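One letter stands for each residue in the lines below.
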Amino acid sequence: MYDGKKIIPGLILFLGLLTYPIWHNTVSGKTSYVPKPELPTDKAKKECVEPKTFIRVNHKTLLEDWKFSVVRNGIRTYQASNKKVYTISLNRTCMNCHTDKTKFCDQCHTYMGVTNKCWDCHIYPKQMAKE
Amino acid sequence: MQFDRRGFLKIAGLTALGLVAKPGWDVFSKIESSEPLPTPEPFAKKKWGMAIELKKCWLEEGCKDCIDACHRIHNVPDLGTLKEEIKWIWTSPYDKIFPEHEFEYAGEEHQHKLVPILCNHCDDPPCVRYCPTRATWKREDGIVMMDFHRCIGCRYCMAGCPYGSRSFNWRDPRPFIKKVNLEFPTRTRGVVEKCNFCEERLNRGLIPACVEACKEKALIFGDLKDPESKVRKVLQNRIIYQRQPELGTKPKVFYVL
Amino acid sequence: MVDKRHKIIGEDPILFEHMWKTGKGFYITVSILAALVLLGLYAYITQYRNGLTVTGLSRQIFWGVYITNFVFFIGISHAGTFISAVLRVLKAEWRRPISRLSELTTVFILLFGVGSVLIDLGRPDRMLYAIRYAHFRSPLLWDVCSISLYLTVSSICLYLALIPDIALLRDLGGRREWFYRILSLGWTGMENQHRRLEKAINFMSILVIPVMITVHTVVSFVFAMTIQPLWHSGIFGPYFVVGAIFSGVASVIVVMAVLRRAYHLESYIKPIHFNNIGIFLMAMTLLWFYFTFAEYITVVYGNEPVHMAIFWSKISGKFAPLFWLHFVLCFVIPLPILATKRFRTIRGTVIASISIILGMWLERFVIIVPTLTRQRMPVEGAFYIPTWVEWSILAGCISLFILLYTLFTKLFPIVPVWEIREGREKAVTAVSDRIKSYLPEQGT
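Rules used in this analysis
- Residues numbered from 1 in each chain as written.
- Chains lettered and ligands numbered in written order.
- Predicted model: local features only at pLDDT ≥ 70, side-chain atom pairs only at ≥ 80, totals over all residues.
- Heavy atoms only, no water.
- Helix = DSSP H or I, 4+ residues; strand = E, 2+ residues; numbered from the N terminus.
- Rg over C-alpha atoms; globule rule 2.2 N^0.38 Å.
- Buried < 20%, exposed > 50% of the residue type's maximum accessible area, 1.4 Å probe, protein only.
- Contact = heavy atoms within 4.5 Å.
- Lys, Arg positive; Asp, Glu negative; His and termini not counted.
- Charge placed at Lys NZ, Arg CZ, Asp CG, Glu CD.
- Buried area = accessible area lost by both parts, 1.4 Å probe.
- Salt bridge = Lys/Arg side-chain N within 4 Å of Asp/Glu carboxyl O.
- Polar contact = N/O pair within 3.5 Å; in protein donor to acceptor, adjacent residues only side chain to side chain.
- Nonpolar A, V, L, I, M, F, W, Y, C, P; charged D, E, K, R; others polar.
- Axes fitted to C-alpha atoms, helices over the stretch in contact; angles between N-to-C directions.
- Parallel < 35°, antiparallel > 145°, perpendicular 65-115°, else oblique.
- Left-handed = near helix turned anticlockwise from the far one by under 90°.
- pLDDT = per-residue confidence, 0-100.
- 1 Å grid on protein atoms, 1.4 Å probe; cavity = no way out; pocket = protein on both sides within 12 Å on 5 of 7 lines; lining within 4 Å.
- Points joined across faces, edges and corners; volume = space filled by probe spheres on them.

Colleague: Would you take a moment to explain the overall build of chain C for this structure?
Modeller: Check the secondary structure of chain C and you find 18 helices and 0 strands. The C-alpha radius of gyration computed for chain C amounts to 23 Å, which stays within 12% of the reference 22 Å derived for 444 residues, consistent with globular compactness. Overall, the C-alpha framework of chain C stretches about 75 × 65 × 40 Å when taken along its three principal axes. Looking at chain C as a whole, 58% of its 444 residues are labelled buried. Put simply, of all contacts in chain C between residues at least 6 apart along the chain, 82% involve residues at least 24 apart. Within chain C, the 25 negative side-chain charges are centred at a point lying 4 Å from the centre of the 41 positive side-chain charges.

Colleague: In this structure, what is going on with the overall build of chain B? I would like to understand it.
Modeller: Summing up its helical and strand segments, chain B has 9 helices and 10 strands in all. Relative to the globule expectation of 18 Å for 257 residues, the C-alpha radius of gyration of chain B, 26 Å, shows a markedly less compact shape. Counting only C-alpha atoms and orienting by the principal axes, one finds that chain B spans roughly 105 × 45 × 35 Å. Buried residues in chain B amount to 51% of all 257 residues. Taking contacts inside chain B between residues at least 6 apart in sequence as the whole, the part at least 24 apart equals 64%. Taken together, the 42 basic and 35 acidic charged side chains of chain B have centroids lying 6 Å from each other.

Colleague: What's the story with the interface of chain B and chain C in this structure? I'm lost.
Modeller: Interfaces are frequently sized by the accessible area removed from exposure as the parts join. With 47 residues of chain B in contact, the opposing surface of chain C contributes 44 residues. Counting each side, the surface lost to burial between chain B and chain C is near 3,800 Å², with a carbon and sulfur contribution of 55%. Seen at the junction of chain B and chain C, the total is 1 salt bridge. Residues Arg155(B) and Asp120(C) are paired through a salt bridge, measuring 2.6 Å at the closest nitrogen-oxygen approach. At the surface where chain B touches chain C, the tally comes to 30 residue pairs in polar contact (both at pLDDT 80 or more). Elements supplying a minimum of two residues to the side of chain B that touches chain C: strand S2 (89-93), helix H4 (94-97), helix H5 (126-130), helix H6 (156-160) and strand S6 (167-168) of chain B. Of the residues assigned to the side of chain B that touches chain C, the class counts are 22 nonpolar, 12 polar and 13 charged.

Colleague: Explain the packing of helix H5 (residues 78-89) of chain C against helix H10 (residues 191-224) of chain C to me, please; I cannot follow it from the model alone.
Modeller: The angle between the axes and the distance between the axes are what describe a pair of packed helices. Residues and elements named next belong to chain C. Where H5 meets H10, the axes come as close as 9 Å, and the angle between the chain directions of the two elements is 140°. One way to sum up the angle between H5 and H10 is to call them oblique. Regarding H5 and H10, the two cross each other, and that crossing is left-handed. Between H5 and H10, the residues in contact are His-78, Thr-81, Phe-82, Ala-85, Val-86, Arg-88 and Val-89 and Ile-201, Asn-202, Ser-205, Ile-206, Val-208, Ile-209, Met-212, Val-215 and His-216, respectively. For the contact of H5 with H10, the residue count by class is 10 nonpolar, 5 polar and 1 charged.

Colleague: Before we go on, may I ask you to explain the interface of chain A and chain B in this structure?
Modeller: Opposite the 22 residues of chain A that make contact, chain B presents 30 residues. At the boundary of chain A with chain B, total buried surface from both sides reaches about 2,100 Å², with 52% on carbon and sulfur atoms. Looking only at chain A, the three residues that lose the most surface to chain B are Arg72(A), Arg76(A) and Cys121(A), adding up to 29% of its buried area. Taken together, the links from chain A to chain B amount to 3 salt bridges. We note a salt bridge from Glu199(B) to Arg76(A), for which the minimum N-O separation is 3.5 Å. The interface formed by chain A and chain B contains 10 residue pairs in polar contact (both at pLDDT 80 or more). Elements that contribute at least two residues to the side of chain A that touches chain B include exactly helix H3 (52-72), strand S1 (77-79), helix H4 (90-97), helix H6 (118-121) and helix H7 (125-130) of chain A. Of the residues in the side of chain A that touches chain B, the class split is 9 nonpolar, 7 polar and 6 charged.

Colleague: Explain the confidence of the model for chain C here, please?
Modeller: Low pLDDT means the predicted atomic positions in that stretch should not be read closely. The pLDDT averaged across chain C works out to 93; a share of 98% of its residues lies at or above 70. ipTM for the predicted complex: 0.90, alongside a pTM of 0.89.

Colleague: I would appreciate a short explanation of the layout of surface pockets in the present structure.
Modeller: Empty space among the atoms becomes apparent when a probe as large as a water molecule is rolled across them. All names here are of chain C. For the second largest pocket, the calculated volume is near 1,000 Å³. Secondary structure elements with two or more residues in the lining of the second largest pocket: helix H2 (13-20), helix H3 (24-50), helix H4 (65-76), helix H6 (99-120), helix H11 (236-262), helix H16 (346-373) and helix H17 (388-411). Tallying contributions element by element places H17 first for the lining of the second largest pocket, with 9 residues. When the residues that make up the lining of the second largest pocket are grouped by side-chain class, the tally is 22 nonpolar, 10 polar and 4 charged.

Colleague: In this structure, what is going on with the pattern of salt bridges? I would like to understand it.
Modeller: Side chains that carry opposite charge are capable of pairing whenever their charged atoms lie near each other. Per the counting criterion, the structure on display carries 39 salt bridges over all chains. Where Lys84(A) meets Glu47(A), a salt bridge forms, and the shortest distance between an N and an O atom there is 2.9 Å. Taken together, the residues Lys84(A) in the loop between S1 and strand S2 (85-87) and Glu47(A) in the loop between helix H2 (20-28) and H3 connect sequence positions 37 residues apart. According to the relative accessible area criterion, Lys84(A) is partly exposed, its value standing at 41%. Owing to a relative accessible area of 46%, Glu47(A) belongs among the partly exposed residues under this scheme. Glu183(B) serves as the salt-bridge partner of Arg92(A), at 3.0 Å between the closest nitrogen and oxygen. Here Glu183(B) lies in the loop between S6 and strand S7 (192-193) and Arg92(A) lies in helix H4, a pairing that spans two chains. Among the residues examined, Glu183(B) registers a relative accessible area of 53% and is labelled exposed.

As C-alpha cells, then:
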C-alpha cells in the first residue's frame, strides 16, 4: 500500500477513537456496576401498586396514564390488579414508600441514561430536607 | 412441502400463527370482570363561583391575607419585578377594575380602594378557545383548568384574556419561591399559570385557600347551582358587579358592593 | 463536447456564471452573514438556557419582536406567489426573468416565519404538541395548517419551474452531474413533457393564489379573533394580505437589484422590470394607505374610550415616534418616488422598497404592541424595550435567509434559462397572435 506506514496506524487510531464508547467501560472496569435501587425497609410498605415485573416495564406508561387521569379527567382513584384502590398521586402514593428519588429512581435512570422532566415541577419528600 | 412460492407462503403463515398465539392468548385472557370502582361524583353537578364582598374586604387596609395564602400553598414565586411577576390573585384600584363606574360627579370614596382580582373562570372563556394544544380547558364544574404538562408557552391565552389573569414563567421559578409547599408541584419556566380555584383542595372537600384565609370573610365560595349555598345567598337582593360583562365571557367572580 | 456545452449555454453565459465563478465579494458576504448567523445562534442558546427572561417581554407585553418577525416574514412570503403565480396567470411576459428569484424568496422566508414562532415558545421542546394535541378551534392551528400547505405548494411550484434548468445543467456534465441527474427526473425536453409541465405549473400557480390569501388572512386572525381593542377588527384579514403583498413585492425589488448588481444580470433584469413592478408597488402603496385609513377612521369615529386610549398612544403617546416613522416609510417616501416616471428608476424603486420593508416591520410592531399595553385590564407601568437577544435573533434570521439564498444561487441559475429562451422563441409570436385575437377580424 502506498504510504502504508502512515495510513494503517492512522486507520487504527481512527477506529479506536470511533469505537471508544464501546470499549471504554470494559477497560475501566465499570461494566461490573449494577444499579442498586434501595427498596423501602418498612414492613408496611412491602407491596407496590402493581407487581414488580409489570411496574419495571410499565411505570412510565402508568405514570403518564395517572397524569392524564388526574389532571385532565379529575379522577384520582386507581384500581390496581390486586383489586386494591389507590389514590393517584406521585408524592402521596409512589413517593410515600420510595421517599428518596436519588436512592431509588435515579439509580436505574442514571445508569440507563434516562432523563425525565417530572422533577422539574414535582418535589419528592426528601428533597426539601436536603435543600 | 416443496420449496417454492406456495411452500414458502405456507411456512410463513404457520410461523406467523405461531408468533401470534402466545400474545393473542395473553390479550384475551386479561378480560376478567372486576368490581366496578366507586364512580367519582360527576363534575357537572356543581358550578363553582365566588362572590367578593367589597365593603368587608375594605375593612382592613393593606390586607394581603388571601394573596399570601394562595401564593404560599401553590408555590407561586416572588420575582420582584413588574416585568416578570407571577400572581394568581392580586389587588388593583377600583377605578381600574370598573372603569365603567367612573363618573365625573360621583363621590371619590371607593375609586382608589383596592379590589382583589383573580381568574374569573368564565363560562365562555376566550383563553380556552385560543390554546393550540388544549392545555387550558373548561371543566364541567366551571373551573378553567390549566395543564402545565401540555402548555407550550405560546402565550396566546394571555393575549385572549381580557382581564389579564394569566402570568407567564419567564425563567425557572424555583429559586424565587420563599418556602416550598411539598404538597403542590412548582412549575417550570415557559408555561402559563393562573388561579385554579384550588381544585386540588376542592377535591378533598376544602374551600379555596384565599376564601379560608380571609379574616373578614369577604370572599365567599360555593356551588352556584345550589340555591342554598353561601355564594347564592350573598348574591341575592344585592347589586352585583362583574368585570366587563359586555364582553360576553360570563365571569363567575362576582363583586358585591 | 465543447460544442454541446456551447449549444446549451448558447447566448446566455451570464446566467450560468454565478454558479461557477466565485469572487472575493461572495466570500466576504458569506463571512459576514455567517458571523451574524452565529450571533443569532448564540443569542438563541442564551435564551434557551435562561428562558424568555432574556428578552424585553413582560407580564403586560408578552408578544414583541418575535411575533412581529413572524407576521413580517410570512408577509414577505407573499412576494413569490404574486410575481410568479399571479403574473403567470395574467400572462404578463415581463415576469420571466424574475419568477424564480421571487419564488425562492417565498419558500425560504416561510421557514423563518415558522422559525420565529418556535423561537417565541416558552417550551420549544414541546413544539410538536401543537400537532399531537391539536386544538383546531385555535387560530394558531389554522396557521399551522395554512402555512404548511403554502410551504408545500410553493416548494412544488419552485421545483417544477426548476426542472428544465436542472436538465440543462445535467446535460453540461461535470462533477455535479449526478446531483442534477437525480433532480431532473428524466426531463428530455420533448414536446409532450413540456405540455405536461406547462399544465402542472399552471395548475399549481392557480392553486397557490387562494392559499396565499388564506395564509396571511389566517395570520391576521390570530389577532382579529381576540376581543382586544384595535385587534378585533373585521378588516384585519384583507389588511394583512395587502400589507403582505406590499412588503413582499418590495422585498423582491431589493432582491432583484442586489442580484442584478452582484451577478451582472443587467441585460436580463432591466429597468422596464423595475418600472413595471414599481407601478404595481405604487398601487399597493395606495391600497395599503386605504386600508390603514379605513381602520383608524373607524376607531376614531366610534370614539370608544378603550380603543381611543390605544389610538392616542399610537398617534401622540408612547408609540407616536414609531407610528409616524412607519407612516413616513410606508407612504410618504415611496409614493412620490413610485408615482413619477422620472423617479421610478432602478435606484428609485430600490430606495422606495427599502423604505417600505423597514416601514412594514414597524407597522407590524405598531399593530401588535400598543394593544398589549392598554388591554382592558389595568395598566401597570407597561413598557417594552427589546434586548440584544431579540435583535440578534432578527439579524440572524435575515442573515441565514440571505445565506441560504446565496448558496442556492451557487447550485441553480437564478434567472430561469428555459423561460427566457421560451420567451425569445415562442412568446413574441404567441403574444402577437393573442393581441390580434382581441381585435376585430380583418375585413370587417
